[in-house]
There are 4 protein chains.
Amino acid sequence: MTVDPDSARLVVSCPDRPGIVAAVAGFLFDTGANVTHSDQHSSDPEGGRFFLRMEFHLPGVAERLDELRTAFDDEVAAEFDMAWRIVSATAPKRMAILVSKYDHCLLDLLWRARRGELPCEVPVVISNHPDLRTDVENFGVPFFCVPVEQGGKPAAEAQMLALLRGHADVVVLARYMQILTGGFLDELGIPVINIHHSFLPAFAGANPYGRARERGVKIVGATAHYVTEELDAGPIIEQDIVRVSHRHDVDTLERLGADVERTVLARAVQLHLDDRVLVDGGTTVVF
Amino acid sequence: MTVDPDSARLVVSCPDRPGIVAAVAGFLFDTGANVTHSDQHSSDPEGGRFFLRMEFHLPGVAERLDELRTAFDDEVAAEFDMAWRIVSATAPKRMAILVSKYDHCLLDLLWRARRGELPCEVPVVISNHPDLRTDVENFGVPFFCVPVEQGGKPAAEAQMLALLRGHADVVVLARYMQILTGGFLDELGIPVINIHHSFLPAFAGANPYGRARERGVKIVGATAHYVTEELDAGPIIEQDIVRVSHRHDVDTLERLGADVERTVLARAVQLHLDDRVLVDGGTTVVF
Amino acid sequence: MTVDPDSARLVVSCPDRPGIVAAVAGFLFDTGANVTHSDQHSSDPEGGRFFLRMEFHLPGVAERLDELRTAFDDEVAAEFDMAWRIVSATAPKRMAILVSKYDHCLLDLLWRARRGELPCEVPVVISNHPDLRTDVENFGVPFFCVPVEQGGKPAAEAQMLALLRGHADVVVLARYMQILTGGFLDELGIPVINIHHSFLPAFAGANPYGRARERGVKIVGATAHYVTEELDAGPIIEQDIVRVSHRHDVDTLERLGADVERTVLARAVQLHLDDRVLVDGGTTVVF
Amino acid sequence: MTVDPDSARLVVSCPDRPGIVAAVAGFLFDTGANVTHSDQHSSDPEGGRFFLRMEFHLPGVAERLDELRTAFDDEVAAEFDMAWRIVSATAPKRMAILVSKYDHCLLDLLWRARRGELPCEVPVVISNHPDLRTDVENFGVPFFCVPVEQGGKPAAEAQMLALLRGHADVVVLARYMQILTGGFLDELGIPVINIHHSFLPAFAGANPYGRARERGVKIVGATAHYVTEELDAGPIIEQDIVRVSHRHDVDTLERLGADVERTVLARAVQLHLDDRVLVDGGTTVVF
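A quick note: this is a predicted structure, and the numbers were derived from the prediction, not measured.

Trainee: Sorry if this is basic, but what is going on with the packing of aromatic side chains here?
Mentor: Two numbers describe a pair of aromatic rings. These are the distance of the centres and the angle of the planes. One pass over the structure, following the stated rule, counts 12 aromatic pairs over all chains. Relative to C:Phe72, the ring of C:Phe27 lies with its centre 5.2 Å away and its plane at 75°, an arrangement referred to as edge-to-face. Of this pair, C:Phe27 sits in helix 1 (residues 20-31) while C:Phe72 sits in helix 2 (residues 61-80), placing them 45 residues apart in sequence. Owing to a relative accessible area of 0%, C:Phe72 belongs among the buried residues under this scheme. Counting every residue linked through ring pairs, the aromatic cluster contains A:Phe27, A:Phe72 and A:Trp84.

Trainee: What is the right way to look at the domain arrangement of chain A in this model?
Mentor: It is common to report an interface's size as the accessible area lost on association of the parts. Residues and elements named next belong to chain A. Domain boundaries in chain A define domain 1 (7-88) and domain 2 (93-286). When each unit is reduced to the centre of its C-alpha atoms, the spacing between domain 1 and domain 2 is 31 Å. Across the domain 1 to domain 2 interface the summed buried area is about 800 Å²; carbon plus sulfur atoms make up 52%. Taken as a group, Arg9, Phe51 and Arg53 account for 53% of the area that domain 1 buries against domain 2, more than any other trio of residues on that side. Across the domain 1-domain 2 interface, the total number found is four salt bridges. Between Asp274 and Arg9 there is a salt bridge whose closest N-O contact spans 3.9 Å. Inspection of the region where domain 1 meets domain 2 yields six residue pairs in polar contact (both at pLDDT 80 or more). Take the side of domain 1 that touches domain 2: its biggest share by element is four residues, from strand 3 (residues 49-57). Among the residues making up the side of domain 1 that touches domain 2, the classes are represented as five nonpolar, two polar and five charged.

Trainee: It is not clear to me how the interface of chain A and chain C should be interpreted in this structure. Could you clarify?
Mentor: Taken together, the contact pairs 22 residues of chain A with 22 residues of chain C. Summing the contributions of chain A and of chain C, the shared interface buries around 1600 Å²; its carbon and sulfur component is 57%. Between chain A and chain C we count zero salt bridges in total. For the pair chain A and chain C, the number of links is two residue pairs in polar contact (both at pLDDT 80 or more). Looking at the side of chain A that touches chain C, the elements that each hand over two or more residues are helix 1 (20-31), strand 2 (34-42) and strand 3 of chain A. If you tally residues by element for the side of chain A that touches chain C, the top one is strand 2 of chain A, at eight residues. For the side of chain A that touches chain C, the class distribution of residues is nine nonpolar, nine polar and four charged.

Trainee: Explain the interface of chain B and chain A here, please?
Mentor: Across the boundary between the two partners, chain B contributes 32 residues, which contact 32 residues of chain A. The contact between chain B and chain A buries some 2500 Å² in all, and 57% of this surface belongs to carbon and sulfur atoms. Run the count over chain B and chain A and you get four salt bridges. The shortest N-O distance in the salt bridge between A:Arg243 and B:Glu238 comes to 2.7 Å. The tally of links between chain B and chain A comes to 13 residue pairs in polar contact (both at pLDDT 80 or more). Where the side of chain B that touches chain A is concerned, the elements lending two or more residues are helix 7 (208-215), strand 12 (236-243) and strand 14 (283-286) of chain B. Sort the elements by how many residues they give to the side of chain B that touches chain A and strand 12 of chain B lands first, with seven residues.

About the cut-offs
- Residues numbered from 1 in each chain as written.
- Chains lettered and ligands numbered in written order.
- Predicted model: local features only at pLDDT ≥ 70, side-chain atom pairs only at ≥ 80, totals over all residues.
- Heavy atoms only, no water.
- Phe/Tyr/Trp six-rings, centres within 6.5 Å; stacked < 30°, edge-to-face > 60°.
- Helix = DSSP H or I, 4+ residues; strand = E, 2+ residues; numbered from the N terminus.
- Buried < 20%, exposed > 50% of the residue type's maximum accessible area, 1.4 Å probe, protein only.
- Domains from an automatic or database assignment.
- Buried area = accessible area lost by both parts, 1.4 Å probe.
- Salt bridge = Lys/Arg side-chain N within 4 Å of Asp/Glu carboxyl O.
- Polar contact = N/O pair within 3.5 Å; in protein donor to acceptor, adjacent residues only side chain to side chain.
- Nonpolar A, V, L, I, M, F, W, Y, C, P; charged D, E, K, R; others polar.
- Contact = heavy atoms within 4.5 Å.

Have a look at this one:
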């Protein structure tokens, strides 16, 4: 996919009130931009929160970002108490990946990144196991093994922070089987996306496929969500499912589920990289 | 759909061991039957449970059912410790319906029954509200209103038992909003199918759409299951889902969910009426 | 679903060029309206066509529609060469239904209209067969039988025009098995929506389920589209599918397909009634 | 997935008549086998064709295959005019892959084979372009580039025949963009599976995504089928779809479609490797 080099995105959230769209659209028109796509949502027309994402075309936008940002802050954002960002559509984000032993989500992400399907660079893959080193290095991506010994989580998290801070814009847990501490998440300070191998909130926690089999569900799923300190409870970005039956033992559920996991994670990552996911408390607005 | 009048079904479950299929198939062949469809499942080849459903064609089978049953019991079932039944494919089951105020599941079932799509008769519809009387009577089906007053559940259940016992082979709860007691279920003594308006085990209990909205899930669903004394925990027959987003308020979730509810319930009822659902502890085998 | 009585919709299409969103949003802001939802699409940023649908909240909008329309035409629409309309969200459209003998799409639409799920009135149902009279009249809807005799299509179409012109805003063919002439469509002058029982463009024309069975497809579908003079070729509004297998004979495909047909048609009708479908040549933009 | 080493499969098709299941089940019981799974289908109880697949557990079956085959041929197959095969469940098939430049289907198959998810060995990958050599060799799989020059198809096909004959049990076209001649298919003499990038029979032939965009369909799909001399007309094994909209240009349709293509192809290959696909004229029975 070729991306228009003069394309950029404005993402806004603020308290809802009349005049926001007119103010933003007027600002962009005055700068000479053409709005090519727009999505908006209001959580409640009375006293709710307003969310907006606009794609616009503006010749030479990549060189004019700083100027645009200063002007938008002065002329629009302050008045409406906006959280906002303006980003070039052509600047790839840096996506670090954490993984344990399962390779299906990792390989899918690396392959999509190489193909240019995911607009990102992968500066580093970190694993608590050495197994996937060759696969990662075959993609030309640096691989670091950071084992998590009994009692050694603080040391491991410190080592990972050193590898990640300043080198990544987003971290993806591609079946990384260690729990990250709230302290680590705070210090990291960038979004972390996890793939959980169940249709949350069903079967949160360990061994979801085994528990799905025992409960006799006819559908299993996967959930991609932003990571918060509370396990498996962060804002959901994307979910999908696959039909199963009495024929499927736990091994088969895992295999069928793996296909859903990698698809759901890839979709969530794509949405995040395209600045389409806005967090609204414990939920998300996905444009 | 025209059903072959000489078609019947044999449904079997028993401890798994070698020779079951040969014994059953040999028996049917010796009676002159042609097996037209067969499904089997073993929960575990070593010490598991064996499940079998065979459709067969046998001229004049409707008149020979008693003879067949006696012979099967003597020659096959006893040796393998089988739970089994042989039923004609042309004998419609009697399906009673319980409903409260929502009409979508009720009307869908009545319409499918009238159309001949569901192989059943509907001897009675019982509701704890009077609202749906005209709709039901337009289908030529008797309607009884059995309100459940504060403290009056025993009386209401007794009244329903009098209407149902001996007059129905299965009871369907088509959004019936009262909890049935274990005593009622025991005395009733026939299968009861419920539709729950969530993707169980997520959001068991009340107000699932509201809770789904709060949790920010991207998919909602519905679950049809056999009713047991434990609320929303009986063996699942069928489930399905629909994608939702931040755009959908609780009212819209209910409307979208209603379409899934009636579809899932109709499918579960059809499977049950076709003798395709075999209970295996807390789960089901669906052929 | 309760609809905000002060809610309205603006739908626009025009040649794309910079400034459209700013002009429209500025106009609405100046009238005192708050934009609560907005969708836009450009078929091509360079020389393409621009499509916009905005929902807005404006106190007393129902009484101010004429004034608004005049102002919008003068101040915005003329400059950008817009095709546009402004409609109140609370004014139900009048939806006439044509049907032959199959009842599934018809009853589904009548249920949904009665339930308030489809924002419409049904002024009339017309059929070329008498069979469905009682069903329709049970909903309190007038039913007219207009048979189409050999050679009698002109007379039948004239009779239908008399029943429809001025009494309907949209006509839905709910499995109406007669081909409507181009002349009839022209004289009728309002949108006509048809449900075709295949996944177009596969199996256009007659007997799609039989042909699907012969070809051995693993999925069958249904397609709702606007009717044009060319059979089964009009702009597609909505499609959906259901998985099938070698187990399913043609009768079963028809039964499974019927569920998809009524769902797809109901969704297409809902989208149309909500002013979410904009025609773009031979295709549609669906917001 | 661990496979029971004493597990084998019997696959049968023959003219339907009474007694087939009894004869087959009796034969297996007499050899000491336990039938662990069984599927059967009759295309028509009167004068149709009968299809059967049984999985059975028999200690030491791998060493007894020849003996079993001889006995089955004598005692059962001859009488019923059966086409049949008995295969060990643990003997991996040899799957050769042909590919052009797109890597998504190829890599997906190689990952799944390496993971043990597809029960096969990959003896060779052949491409008419050199681009994918490194990727293939990273999996330890031999790669041959066999370009197809103008007028050079006979030479290319001869070269491919030399690489494939006797070295493969099935050939998979993982987006191989050359048409194979009927002569090549005849001489090859083993099944060939192709993935077509549309929901056949819609958009057979070239450029399906472009044509889907023009027609304005709301769903695109992919189709895996056995290759016959007639282009895109062989028996369909598996299909699936993805929803699309006016938002998606042709590049995006291709990207979304690629995910469906690799999933559908992997499923079809898995079904074939598990001996679950039986050809019935121009269609398939998939157990």
